[in-house]
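So the chains spell out like this:
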Amino acid sequence: MGTKCELYMPVAGEIIPLEEANSYLKDDLLGGTGVCIIPDGDLFCAPVSGEVVLVSENLNAVAISTKEHMTILIHLGLDTAKLEGRGFATYVKTGDQVSVGDKLLYMDRDYVELSAKITTPIIITTPEKVKHLDINYKASGAFVKFAEISLL
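Keep in mind it's a predicted model, so treat the numbers as computed, not measured.

**Student:** How should the overall build of the chain be read in this particular structure?
**Tutor:** Scanning the chain from terminus to terminus reveals two helices and 13 strands. Taken over the C-alpha trace, the chain has a radius of gyration of 14 Å; the compact-globule value for 152 residues is 15 Å, and the two agree within 12%. With the C-alpha coordinates of the chain rotated into their principal frame, the extents come out at 45 × 35 × 30 Å. Buried positions account for 48% of the 152 residues belonging to the chain. Across the chain, contacts joining residues at least 24 apart in sequence account for 69% of those joining residues at least 6 apart. Carbon and sulfur atoms provide 50% of the accessible area of the chain, an area that totals close to 7400 Å². The chain carries 13 positive and 21 negative side-chain charges, and their two centres are separated by 4 Å.

**Student:** It is not clear to me how the pairing of strand 11 (residues 120-124) should be interpreted in this structure. Could you clarify?
**Tutor:** Every regular strand shows the same layout, with side chains that alternate between the two sheet faces. Of all the five residues making up strand 11, five are buried; the element is thus mostly covered by neighbouring parts of the structure. Bridge analysis of strand 3 (residues 33-39) against strand 11 gives five bridges, and the strand direction is antiparallel. Within strand 11, the position partnered with T33 by the bridge is I124. Pairing of strand 7 (residues 71-75) with strand 11, which is carried by three bridges, proceeds in the antiparallel orientation. Looking at strand 11, one finds that L73 is bridged to I123.

**Student:** Quick question: what am I supposed to make of the nonpolar core here?
**Tutor:** Soluble, globular proteins show a tendency: their nonpolar side chains are buried together. Within the largest apolar cluster, 38 residues are counted, with the highest numbers of intra-cluster contacts made by I15, V62, L104, F146 and I149. The next biggest cluster of nonpolar side chains, apart from the first, holds nine residues, and it includes I16, A21, L78 and I123.

**Student:** What am I meant to see in the sheet that holds strand 8 (residues 88-90) here?
**Tutor:** Strands sit in the order 4-10-8 across an open sheet of three strands; the sheet is antiparallel. Unpaired on one side and paired on the other, strand 4 (43-45) and strand 8 mark the two borders of the sheet. On average, each strand axis in the sheet is inclined to that of its neighbour by 20 degrees, with strand direction left out of account. One ladder, built from three bridges, connects strand 8 with strand 10 (residues 103-107); its direction is antiparallel. Directly across from A89, in strand 10, lies its bridge partner Y106.

Calculation rules
- Residues numbered from 1 in each chain as written.
- Predicted model: local features only at pLDDT ≥ 70, side-chain atom pairs only at ≥ 80, totals over all residues.
- Heavy atoms only, no water.
- Helix = DSSP H or I, 4+ residues; strand = E, 2+ residues; numbered from the N terminus.
- Rg over C-alpha atoms; globule rule 2.2 N^0.38 Å.
- Buried < 20%, exposed > 50% of the residue type's maximum accessible area, 1.4 Å probe, protein only.
- Contact = heavy atoms within 4.5 Å.
- Areas by Shrake-Rupley, 256 points an atom, 1.4 Å probe, with all protein chains shown as cover.
- Lys, Arg positive; Asp, Glu negative; His and termini not counted.
- Charge placed at Lys NZ, Arg CZ, Asp CG, Glu CD.
- Pairing = 2+ DSSP bridges.
- Core = buried A, V, L, I, M, F, W, Y, C linked by side-chain atoms within 4.5 Å.
- Axes fitted to C-alpha atoms, helices over the stretch in contact; angles between N-to-C directions.

Now the structure itself:
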């Protein structure tokens, strides 16, 4: 097929390998393929264009399905479900169409860091569609392209 999809930084910050989050979580490993971002900001925007297919009841996660039927999950922080939505807000609902850069979620980093890690996984939950994932670990600004995905 040869289709490519680009991912943009949803927030300014440092990109680290997904494995670093998995080593923190130990028994509750994250599925899929992707990266983590240690955010410098509080506002998270769409890294791809598509349809919002999930907004968690705790307001700490959103998933977007692209026109190529690839799903990207953004999970604000690690172990943040225990906050039961405190410190988070959403700007979208399931079924909304979003474009790269549209506001998705807000995380009060100072509040969340009191009880959880702010490290934010960006996961492709449909890894069977990915032929190759090329990540630029030096990208750091919001809305900067940080990955290119070659799809099967």
